[in-house]
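Read off the chains here:
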Amino acid sequence: MIDKSRILFDSQIRFENKTKFISGSDEAGRGAMAGPIVVASVILPNDYQNPLIRDSKKLSKKQRELLFEEIKAIAISYAIEIIDASDVDILNPKQASRVGMVNSIMNLKPKPVVSLIDAEKIVIENYNCLPFIKGDDLSQSIAAASILAKTTRDNIMIEYAKVYPEYNFDLHKGYCVKEHVEKTKKFGVLPIHRKSYKPIKDILENNF
C-alpha cells in the first residue's frame with residue numbers, strides 16, 4: 001500500500017533539509033468577520049522531522065494543540081503577530097496579513113536565510129522571501145507556522161466566547177456562517193467585528 005502521508009512528508013522536507021535557518025510563515029483568520037488575523041513565523045531545527053506536521057486545517061483540534069506545544073518547544077525561533085479587527089478594517093485583510101508576516105519574520109532570531117511564505121509575495125529589505133502556493137502542504141516550516149497561527153487564533157476566539165456567550169464564537173471562530181450572521185443581527189455588532197466586511201456593513205446599514 002502506498003503511504004500517502006510519507007509521500008507528502010518527503011515533499012515537505014525536500015525544500016528544507018539542505019539549508020539552516022529557513023523560516024515558514026502563515027496566517028489564520030483573514031476571511032473571518034470577527035476577531036483578529038493571526039500570523040506566525042517559525043524556524044525549525046534543520047534535522048527536525050515530524051510527518052504529523054501539515055496544513056493546520058487538516059488536523060484535529062487535539063492534534064493541533066499537541067503540535068502547538070511541540071513546535072514552540074523545539075523551534076529555534078518563532079514569532080506570533082495578532083492584528084486586531086479594528087486594524088484589519090484600517091489596513092484591509094490582505095495588507096494586514098502582509099504587515100503581520102513582515103513583523104513576525106523580522107522578530108525571528110537568528111535572521112532566517114530564506115523565508116518561505118504561504119501564497120503571499122512579501123518584500124523585506126535584506127531578506128530572501130519566497131512565496132509558495134499551497135505552502136502548508138509543501139513546507140514543514142509553513143505547516144508549523146499554520147499550526148501556531150490557527151491554534152493561537154482559535155484560543156482567542158474561545159476566550160471571546162466567554163465574554164460574549166450568546167454569539168458562540170467557540171463554535172464558528174468568527175467566520176461568516178449563517179448562525180454567526182443571525183446572532184449578530186439579533187444581539188448587535190461587537191467591537192471585535194470587522195466593520196468593513198460586507199455582512200457587518202449590511203447589518204449596520206439595516207439597523208438590525
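Quick summary incoming for the structure in this document. (Residues numbered from 1 in each chain as written. Predicted model: local features only at pLDDT ≥ 70, side-chain atom pairs only at ≥ 80, totals over all residues. Heavy atoms only, no water.)

Once that is clear, we can look at the overall build of the chain. Counting secondary structure elements, the chain contains 9 helices and 5 strands. Counting from the amino terminus, helix and strand elements in the chain follow one another as α-β-β-α-β-α-α-β-β-α-α-α-α-α. The C-alpha radius of gyration of the chain comes to 18 Å, within 12% of the 17 Å expected for a compact globule of 208 residues. Along the first, second and third principal axes, the C-alpha atoms of the chain reach 55 × 45 × 25 Å. Residue burial in the chain is summarised as follows: out of 208 residues, 49% are buried. Counted over contacts in the chain with a minimum sequence separation of 6, partners at least 24 positions apart contribute 66%. When the accessible surface of the chain is split by element, carbon and sulfur atoms take 55% of a total near 10,500 Å². (Helix = DSSP H or I, 4+ residues; strand = E, 2+ residues; numbered from the N terminus. Rg over C-alpha atoms; globule rule 2.2 N^0.38 Å. Buried < 20%, exposed > 50% of the residue type's maximum accessible area, 1.4 Å probe, protein only. Contact = heavy atoms within 4.5 Å. Areas by Shrake-Rupley, 256 points an atom, 1.4 Å probe, with all protein chains shown as cover.)

Further remarks concern the pairing of strand β2 (residues 37-43). The buried fraction of β2 is high, at 7 of 7 residues. Of the two faces of β2, the one carrying Ile37, Val39, Ser41 and Ile43 and the one carrying Val38, Ala40 and Val42 are both buried. Both strand β1 (residues 22-28) and β2 contribute to a ladder of 6 bridges, which runs antiparallel. Looking at the pairing, Asp26 lines up with Ala40 of β2. (Pairing = 2+ DSSP bridges.)

A few words on helix α6 (residues 140-163). Look at α6: 35 Å from first C-alpha to last across 24 residues, which is about the 34 Å you get at 1.5 Å a residue. A large share of α6 lies buried, amounting to 17 of its 24 residues. Backbone nitrogen of Ser141 and a side-chain oxygen of the N-cap are separated by 3.2 Å at the start of α6; the cap is Ser139. (Expected span 1.5 Å × (residues − 1). Polar contact = N/O pair within 3.5 Å; in protein donor to acceptor, adjacent residues only side chain to side chain.)

Further remarks concern the pairing of strand β4 (residues 114-118). Along β4, 5 of the 5 residues are buried, which leaves the element largely enclosed by surrounding structure. Burial of the side chains of β4 extends over both faces: Val114, Leu116 and Asp118 are buried on one face and Ser115 and Ile117 on the other. With 4 bridges connecting them, β1 and β4 associate as parallel partners. Paired with Ser25 across the strands is Ile117, a residue of β4.

Turning our eyes to something else, we now look at the pattern of salt bridges. Inspection of the entire model under this criterion finds 13 salt bridges. Where Glu120 meets Arg98, a salt bridge forms, and the shortest distance between an N and an O atom there is 3.0 Å. Of this pair, Glu120 sits in the loop between β4 and β5 (129-132) while Arg98 is found in helix α4 (residues 93-106), placing the two residues 22 residues apart along the sequence. Given the relative accessible area of 27%, Arg98 is considered partly exposed. Of the charged contacts in the structure, one is a salt bridge between Lys162 and Glu159, with a shortest N-O distance of 3.0 Å. Taken together, the residues span about one helical turn, with Lys162 and Glu159 both in helix α6 at a distance of 3 residues. (Salt bridge = Lys/Arg side-chain N within 4 Å of Asp/Glu carboxyl O.)

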